[in-house]
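Residue-level structural notes
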Amino acid sequence: MNRQQLRNALCGIVMLGSLAASGAWAQSTDAVAQERYQRALAVCNDGSLPAPERNGCVRMAGRQLDRTNGGPPVNMPTTTPDGRATVVAPVGSTPPNDDDTTTSRDGRATIVAPSDGTATPR
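Residues numbered from 1 in each chain as written. Predicted model: local features only at pLDDT ≥ 70, side-chain atom pairs only at ≥ 80, totals over all residues. Heavy atoms only, no water.

**What to know about the pairing of strand β2 (residues 86–90)**
Note: strand β1 (residues 75–79) against β2, five bridges, orientation antiparallel. Its bridge partner lying in β2, Thr78 is registered against Val87. Between β1 and β2, which pair antiparallel one after the other, the connecting turn spans six residues, and Gly83 there sits at a positive phi close to 75°. (Pairing = 2+ DSSP bridges. Helix = DSSP H or I, 4+ residues; strand = E, 2+ residues; numbered from the N terminus.)

As structure tokens, this is what we get:
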């Protein structure tokens, strides 16, 4: 990485920090906050940062979005309908039901389908 790339990356991080410190981030609407988050991610992922700095940049952008939205979702333990498991998930989400799960062939595991529906359990 050359000095110009490092300088650009640091300027991006400083810009994110100054937005957070000024309170501009906290005063935005959800759509504007999401757009700022996407722009911050673009700065983080432009390829100019080494992995540790990039990961920190992404975390900071996520924290700022959470702060704008009132904080990260609160996790709460919920028992599955069959009573066999406790699922820790954000408040308001529903635990998997029997339609979302399948027992493995040997009967030792319960397989849960992905929430986005990209695959079905076997």
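Right, picking up where we left off after that structure.
**Comments concerning the pattern of salt bridges**
Under the definition given, this model contains two salt bridges. The closest approach of N and O atoms between Arg39 and Glu35, which form a salt bridge, is 3.2 Å. One end of the pair, Arg39, and the other, Glu35, are both in helix α2 (residues 30–44), four residues apart, so they sit about a helical turn from each other. Of the charged contacts, one joins Arg108 and Asp106 as a salt bridge, the two residues approaching to 3.2 Å between their closest N and O atoms. (Salt bridge = Lys/Arg side-chain N within 4 Å of Asp/Glu carboxyl O.)

**Notes on the side chain of Ser48**
For Ser48, the position within the fold is in the loop between α2 and α3 (51–68). In this structure the side chain of Ser48 is engaged in a polar contact, spanning 2.7 Å, whose partner is the side chain of Asp46. (Polar contact = N/O pair within 3.5 Å; in protein donor to acceptor, adjacent residues only side chain to side chain.)

**Re the packing of α2 against α3**
The interhelical angle for the contact between α2 and α3, taken along N-to-C directions, is 175°, at an axis separation of 9 Å. Regarding the angle of α2 to α3, the classification is roughly antiparallel. Of the residues in α3, those in contact with Ala33, Gln34, Tyr37, Ala40, Leu41 and Cys44 of α2 are Arg54, Cys57, Val58, Ala61, Gly62, Leu65 and Thr68. Of the residues assigned to the contact of α2 with α3, the class counts are nine nonpolar, three polar and one charged. (Axes fitted to C-alpha atoms, helices over the stretch in contact; angles between N-to-C directions. Parallel < 35°, antiparallel > 145°, perpendicular 65-115°, else oblique. Contact = heavy atoms within 4.5 Å. Nonpolar A, V, L, I, M, F, W, Y, C, P; charged D, E, K, R; others polar.)

**Description of the state of the cysteines**
In a disulfide, the sulfur atoms of two cysteines are covalently bonded to one another. Applying the stated criterion across every chain, the model contains one disulfide. Note that Cys44 is cross-linked by a disulfide to Cys57, the S-S spacing being 2.0 Å. Handedness here is read from the sign of the S-S torsion; for Cys44 and Cys57, about -75°, the answer is left-handed. One end of the pair, Cys44, is in helix α2; the other, Cys57, is in helix α3, and 13 residues separate them in sequence. (Disulfide = S-S within 2.5 Å.)

Taken by themselves, the reported measurements are silent on function.
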